Amino acid sequence: MSDNESRTGISGLERRSLRVRFPLGVLSVVAMIALVLAGAGPVFILAKWAVSTTQDIIADPFGWWTHGIQWHNVSNAWSAVGIGRYLVHTLWVVLGSVGAGLFVSLTGAYTIAILRPRYAKVLNAAVLATLFVPGVISLIPLYLTILDVPLVGANLLNNYLAAWLPFGAHAFYMLIVIRFFQTLPAEVFEAAKVDGAGPVRTFVSIVLPMSRPVIAVVSLFMVVASWKDFLWPLLVLQAEPVRPLSVALAQLADKTEASVLMASMFIAVIVPVALFLVFQRHFLRSAGQAGAIKG
(Lines give C-alpha, C1' and ligand atoms only; values in the text may rest on other atoms or scores of the structure.)
Protein backbone atom coordinates (compact mmCIF):
# COMPACT_ATOMS: atom_id res chain seq x y z
CA MET A 1 0.00 0.00 0.00
CA SER A 2 1.40 3.40 -0.97
CA ASP A 3 1.77 6.32 1.40
CA ASN A 4 -1.14 8.19 -0.25
CA GLU A 5 -3.45 5.19 0.11
CA SER A 6 -2.56 4.72 3.78
CA ARG A 7 -3.77 8.26 4.49
CA THR A 8 -7.22 7.80 2.97
CA GLY A 9 -10.05 5.31 2.96
CA ILE A 10 -9.94 4.92 -0.82
CA SER A 11 -7.78 2.19 -2.29
CA GLY A 12 -5.90 2.36 -5.57
CA LEU A 13 -8.39 -0.01 -7.22
CA GLU A 14 -11.30 2.21 -6.25
CA ARG A 15 -9.49 5.27 -7.56
CA ARG A 16 -9.25 3.65 -10.99
CA SER A 17 -13.01 3.21 -11.05
CA LEU A 18 -14.90 5.92 -12.96
CA ARG A 19 -17.68 5.96 -10.34
CA VAL A 20 -15.15 6.98 -7.70
CA ARG A 21 -12.66 8.96 -9.76
CA PHE A 22 -15.17 11.36 -11.34
CA PRO A 23 -16.98 12.49 -8.13
CA LEU A 24 -13.63 12.69 -6.33
CA GLY A 25 -12.20 14.89 -9.10
CA VAL A 26 -15.25 17.15 -9.11
CA LEU A 27 -15.14 17.46 -5.33
CA SER A 28 -11.43 18.33 -5.45
CA VAL A 29 -12.00 21.03 -8.07
CA VAL A 30 -14.93 22.52 -6.13
CA ALA A 31 -12.94 22.52 -2.90
CA MET A 32 -9.97 24.16 -4.61
CA ILE A 33 -12.14 26.88 -6.16
CA ALA A 34 -13.83 27.54 -2.82
CA LEU A 35 -10.46 27.88 -1.10
CA VAL A 36 -9.16 30.27 -3.75
CA LEU A 37 -12.30 32.42 -3.58
CA ALA A 38 -12.24 32.52 0.21
CA GLY A 39 -8.53 33.26 0.42
CA ALA A 40 -7.72 35.41 -2.60
CA GLY A 41 -11.18 36.73 -3.43
CA PRO A 42 -11.12 39.70 -1.00
CA VAL A 43 -7.66 40.69 -2.24
CA PHE A 44 -8.81 40.64 -5.87
CA ILE A 45 -11.90 42.70 -5.03
CA LEU A 46 -9.77 45.23 -3.16
CA ALA A 47 -7.40 45.39 -6.14
CA LYS A 48 -10.37 46.10 -8.42
CA TRP A 49 -11.62 48.88 -6.13
CA ALA A 50 -8.10 50.33 -5.90
CA VAL A 51 -8.19 51.25 -9.62
CA SER A 52 -11.86 52.21 -9.81
CA THR A 53 -13.58 55.55 -9.47
CA THR A 54 -15.51 56.41 -6.34
CA GLN A 55 -18.73 56.38 -8.36
CA ASP A 56 -18.11 52.84 -9.57
CA ILE A 57 -17.27 51.62 -6.06
CA ILE A 58 -20.51 53.01 -4.66
CA ALA A 59 -22.90 52.36 -7.57
CA ASP A 60 -21.63 48.98 -8.80
CA PRO A 61 -18.90 47.61 -6.49
CA PHE A 62 -18.71 44.20 -8.20
CA GLY A 63 -19.17 45.36 -11.78
CA TRP A 64 -16.64 46.18 -14.48
CA TRP A 65 -14.91 49.53 -14.78
CA THR A 66 -17.69 51.74 -16.13
CA HIS A 67 -15.55 54.88 -16.05
CA GLY A 68 -12.28 53.14 -16.94
CA ILE A 69 -9.34 51.93 -14.91
CA GLN A 70 -7.88 54.65 -12.69
CA TRP A 71 -4.21 53.73 -12.29
CA HIS A 72 -3.45 57.12 -10.78
CA ASN A 73 -5.27 56.11 -7.58
CA VAL A 74 -2.18 54.22 -6.45
CA SER A 75 0.14 57.16 -7.12
CA ASN A 76 -2.29 59.51 -5.36
CA ALA A 77 -2.36 57.23 -2.35
CA TRP A 78 1.43 57.21 -2.27
CA SER A 79 1.93 60.96 -2.71
CA ALA A 80 -1.18 62.74 -1.44
CA VAL A 81 -2.06 60.42 1.45
CA GLY A 82 1.57 59.65 2.31
CA ILE A 83 1.28 55.88 2.42
CA GLY A 84 5.03 55.53 1.96
CA ARG A 85 5.70 57.40 5.20
CA TYR A 86 3.26 55.27 7.15
CA LEU A 87 4.78 52.14 5.63
CA VAL A 88 8.14 53.12 7.06
CA HIS A 89 6.55 53.61 10.49
CA THR A 90 4.92 50.21 10.21
CA LEU A 91 8.20 48.57 9.25
CA TRP A 92 9.85 50.03 12.35
CA VAL A 93 7.02 48.67 14.50
CA VAL A 94 7.27 45.24 12.88
CA LEU A 95 11.06 45.00 13.11
CA GLY A 96 11.15 46.04 16.75
CA SER A 97 8.25 43.77 17.67
CA VAL A 98 9.82 40.77 15.96
CA GLY A 99 13.16 41.49 17.62
CA ALA A 100 11.61 41.74 21.08
CA GLY A 101 9.44 38.68 20.49
CA LEU A 102 12.33 36.53 19.27
CA PHE A 103 14.59 37.58 22.14
CA VAL A 104 12.03 36.72 24.81
CA SER A 105 10.82 33.54 23.09
CA LEU A 106 14.28 32.12 22.39
CA THR A 107 15.85 32.95 25.74
CA GLY A 108 12.75 31.90 27.69
CA ALA A 109 12.42 28.63 25.78
CA TYR A 110 16.15 27.98 26.20
CA THR A 111 15.82 28.39 29.95
CA ILE A 112 12.78 26.14 30.27
CA ALA A 113 13.58 23.43 27.71
CA ILE A 114 17.40 23.24 27.72
CA LEU A 115 18.79 24.66 30.99
CA ARG A 116 15.85 23.27 32.99
CA PRO A 117 16.33 24.91 36.40
CA ARG A 118 14.37 23.67 39.39
CA TYR A 119 11.64 26.22 38.79
CA ALA A 120 11.32 25.34 35.06
CA LYS A 121 7.96 23.62 35.57
CA VAL A 122 6.66 26.69 37.41
CA LEU A 123 7.79 28.94 34.56
CA ASN A 124 6.21 26.65 32.00
CA ALA A 125 2.93 26.61 33.92
CA ALA A 126 3.00 30.41 34.21
CA VAL A 127 3.55 30.76 30.46
CA LEU A 128 0.65 28.39 29.77
CA ALA A 129 -1.58 30.27 32.20
CA THR A 130 -1.16 33.55 30.31
CA LEU A 131 -2.78 31.96 27.25
CA PHE A 132 -6.08 31.80 29.14
CA VAL A 133 -6.07 35.54 29.94
CA PRO A 134 -7.97 37.50 27.25
CA GLY A 135 -5.97 40.33 25.79
CA VAL A 136 -8.78 42.83 26.39
CA ILE A 137 -8.56 42.26 30.15
CA SER A 138 -4.88 43.21 30.26
CA LEU A 139 -5.31 46.17 27.91
CA ILE A 140 -6.00 48.84 30.55
CA PRO A 141 -3.29 47.72 33.03
CA LEU A 142 -0.80 47.54 30.17
CA TYR A 143 -1.77 51.01 28.98
CA LEU A 144 -1.36 52.47 32.47
CA THR A 145 2.03 50.78 32.69
CA ILE A 146 3.09 52.41 29.44
CA LEU A 147 2.04 55.81 30.80
CA ASP A 148 4.27 55.36 33.85
CA VAL A 149 6.80 52.55 33.55
CA PRO A 150 7.64 51.11 36.99
CA LEU A 151 11.13 51.80 38.39
CA VAL A 152 11.98 53.95 35.38
CA GLY A 153 9.07 56.39 35.65
CA ALA A 154 9.10 57.08 31.90
CA ASN A 155 6.10 57.76 29.68
CA LEU A 156 6.36 55.64 26.53
CA LEU A 157 3.28 57.04 24.83
CA ASN A 158 3.98 57.74 21.13
CA ASN A 159 7.25 55.86 21.44
CA TYR A 160 8.05 52.73 19.43
CA LEU A 161 9.05 50.98 22.65
CA ALA A 162 5.38 51.04 23.65
CA ALA A 163 4.66 48.69 20.72
CA TRP A 164 7.86 46.64 20.93
CA LEU A 165 8.05 45.69 24.60
CA PRO A 166 4.51 44.27 25.12
CA PHE A 167 4.83 42.23 21.93
CA GLY A 168 7.74 40.32 23.42
CA ALA A 169 5.60 38.88 26.21
CA HIS A 170 3.54 36.53 24.04
CA ALA A 171 3.26 32.99 25.37
CA PHE A 172 2.13 31.41 22.09
CA TYR A 173 5.44 31.99 20.33
CA MET A 174 7.45 30.86 23.33
CA LEU A 175 5.51 27.60 23.51
CA ILE A 176 6.27 26.88 19.84
CA VAL A 177 9.98 27.39 20.47
CA ILE A 178 9.85 25.30 23.67
CA ARG A 179 8.34 22.35 21.82
CA PHE A 180 11.03 22.65 19.14
CA PHE A 181 13.85 22.84 21.69
CA GLN A 182 12.53 19.73 23.41
CA THR A 183 13.09 17.75 20.19
CA LEU A 184 16.77 18.76 19.92
CA PRO A 185 19.18 15.90 20.75
CA ALA A 186 20.41 16.07 24.33
CA GLU A 187 23.74 14.50 23.32
CA VAL A 188 24.76 17.73 21.59
CA PHE A 189 24.37 19.74 24.79
CA GLU A 190 26.11 17.11 26.87
CA ALA A 191 29.06 17.19 24.47
CA ALA A 192 29.16 20.99 24.63
CA LYS A 193 29.16 20.85 28.43
CA VAL A 194 32.06 18.37 28.40
CA ASP A 195 33.99 20.70 26.08
CA GLY A 196 33.57 23.50 28.60
CA ALA A 197 30.95 25.59 26.79
CA GLY A 198 28.86 27.72 29.13
CA PRO A 199 25.15 28.47 28.79
CA VAL A 200 25.70 31.60 26.71
CA ARG A 201 28.20 29.94 24.36
CA THR A 202 25.93 26.93 23.96
CA PHE A 203 22.97 29.18 23.15
CA VAL A 204 24.84 31.28 20.59
CA SER A 205 26.98 28.59 18.92
CA ILE A 206 24.71 25.54 19.07
CA VAL A 207 21.07 26.37 19.81
CA LEU A 208 20.62 29.34 17.48
CA PRO A 209 22.11 27.66 14.37
CA MET A 210 19.96 24.57 14.99
CA SER A 211 16.87 26.75 15.51
CA ARG A 212 16.78 28.46 12.13
CA PRO A 213 13.60 26.60 11.02
CA VAL A 214 11.56 27.54 14.08
CA ILE A 215 12.96 31.08 14.05
CA ALA A 216 11.73 31.52 10.47
CA VAL A 217 8.27 30.17 11.28
CA VAL A 218 7.83 32.20 14.45
CA SER A 219 9.15 35.32 12.72
CA LEU A 220 6.52 34.92 10.00
CA PHE A 221 3.76 34.67 12.63
CA MET A 222 5.12 37.74 14.41
CA VAL A 223 5.37 39.81 11.24
CA VAL A 224 1.75 39.06 10.31
CA ALA A 225 0.46 39.72 13.83
CA SER A 226 2.39 42.97 14.20
CA TRP A 227 1.52 44.21 10.71
CA LYS A 228 -2.23 43.79 11.15
CA ASP A 229 -2.40 44.89 14.80
CA PHE A 230 -4.70 47.89 15.21
CA LEU A 231 -6.08 48.34 18.72
CA TRP A 232 -2.82 48.62 20.65
CA PRO A 233 -1.07 50.94 18.14
CA LEU A 234 -4.22 53.06 18.12
CA LEU A 235 -3.79 53.62 21.86
CA VAL A 236 -0.04 54.21 22.08
CA LEU A 237 1.08 55.42 18.61
CA GLN A 238 -1.28 58.23 17.65
CA ALA A 239 1.28 60.96 16.90
CA GLU A 240 2.08 61.63 13.25
CA PRO A 241 5.86 60.86 13.47
CA VAL A 242 5.21 57.29 14.72
CA ARG A 243 1.72 56.50 13.40
CA PRO A 244 1.64 53.07 11.68
CA LEU A 245 -0.34 52.27 8.57
CA SER A 246 -3.25 50.52 10.30
CA VAL A 247 -3.92 53.54 12.51
CA ALA A 248 -3.40 56.05 9.70
CA LEU A 249 -5.92 54.37 7.40
CA ALA A 250 -8.59 54.41 10.09
CA GLN A 251 -8.03 58.10 10.77
CA LEU A 252 -7.92 59.03 7.07
CA ALA A 253 -11.11 57.14 6.19
CA ASP A 254 -13.46 60.10 6.78
CA LYS A 255 -11.39 62.68 4.88
CA THR A 256 -10.06 60.69 1.95
CA GLU A 257 -11.81 59.86 -1.31
CA ALA A 258 -13.05 56.27 -1.38
CA SER A 259 -11.04 55.30 -4.47
CA VAL A 260 -7.79 56.62 -3.00
CA LEU A 261 -8.58 54.97 0.33
CA MET A 262 -9.09 51.61 -1.41
CA ALA A 263 -5.75 52.07 -3.18
CA SER A 264 -4.11 52.79 0.17
CA MET A 265 -5.64 49.68 1.68
CA PHE A 266 -4.46 47.60 -1.27
CA ILE A 267 -0.88 48.80 -0.76
CA ALA A 268 -1.16 47.91 2.92
CA VAL A 269 -2.34 44.40 2.03
CA ILE A 270 -0.09 43.64 -0.91
CA VAL A 271 3.21 44.39 0.87
CA PRO A 272 3.09 41.44 3.35
CA VAL A 273 1.57 39.19 0.65
CA ALA A 274 4.44 40.04 -1.70
CA LEU A 275 7.01 39.38 1.02
CA PHE A 276 5.51 35.97 1.68
CA LEU A 277 5.43 35.07 -2.01
CA VAL A 278 9.09 36.02 -2.35
CA PHE A 279 10.21 33.98 0.66
CA GLN A 280 7.55 31.27 0.58
CA ARG A 281 10.03 28.47 -0.18
CA HIS A 282 12.13 29.34 2.83
CA PHE A 283 9.10 29.63 5.10
CA LEU A 284 7.48 26.40 3.94
CA ARG A 285 10.75 24.48 4.15
CA SER A 286 11.36 25.86 7.63
CA ALA A 287 7.81 25.00 8.71
CA GLY A 288 8.34 21.39 7.63
CA GLN A 289 11.66 21.17 9.42
CA ALA A 290 10.26 22.77 12.57
CA GLY A 291 7.41 20.26 12.67
CA ALA A 292 9.66 17.25 12.23
CA ILE A 293 10.80 15.25 15.24
CA LYS A 294 14.55 15.19 15.38
CA GLY A 295 16.31 12.04 16.55
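Everything numeric here is computed off the predicted structure, so don't read it as measured data. (Residues numbered from 1 in each chain as written. Predicted model: local features only at pLDDT ≥ 70, side-chain atom pairs only at ≥ 80, totals over all residues. Heavy atoms only, no water.)

S.K.: Tell me about empty space enclosed by the protein, and name the residues and values.
M.R.: Scanning all chains against the criterion turns up one cavity of 30 Å³ or more. In this structure, the largest cavity spans a volume of roughly 30 Å³. If you trace the largest cavity, you find it lined by Thr90, Val93, Ser226, Trp227, Asp229, Pro233, Pro244 and Ser246. The set of elements that each furnish at least two residues to the lining of the largest cavity consists of helix H6 (83-115) and helix H13 (212-228). Here the residues of the lining of the largest cavity are counted per class, giving four nonpolar, three polar and one charged. (1 Å grid on protein atoms, 1.4 Å probe; cavity = no way out; pocket = protein on both sides within 12 Å on 5 of 7 lines; lining within 4 Å. Points joined across faces, edges and corners; volume = space filled by probe spheres on them. Helix = DSSP H or I, 4+ residues; strand = E, 2+ residues; numbered from the N terminus. Nonpolar A, V, L, I, M, F, W, Y, C, P; charged D, E, K, R; others polar.)

S.K.: Now, about the packing of H6 against helix H10 (residues 171-182): what can you tell me, with residues and values included?
M.R.: Where H6 meets H10, the axes come as close as 8 Å, and the angle between the chain directions of the two elements is 45 degrees. Comparing their axes, H10 and H6 come out oblique. Where H6 crosses over H10, the two elements pack in a sense that is right-handed. Across the interface between the two elements, Val104, Ser105, Leu106, Gly108, Ala109, Tyr110, Ile112, Ala113 and Ile114 of H6 pack against Tyr173, Met174, Val177, Ile178, Phe181 and Gln182 of H10. Considered class by class, the residues forming the contact of H6 with H10 number twelve nonpolar, three polar and no charged. (Axes fitted to C-alpha atoms, helices over the stretch in contact; angles between N-to-C directions. Parallel < 35°, antiparallel > 145°, perpendicular 65-115°, else oblique. Left-handed = near helix turned anticlockwise from the far one by under 90°. Contact = heavy atoms within 4.5 Å.)

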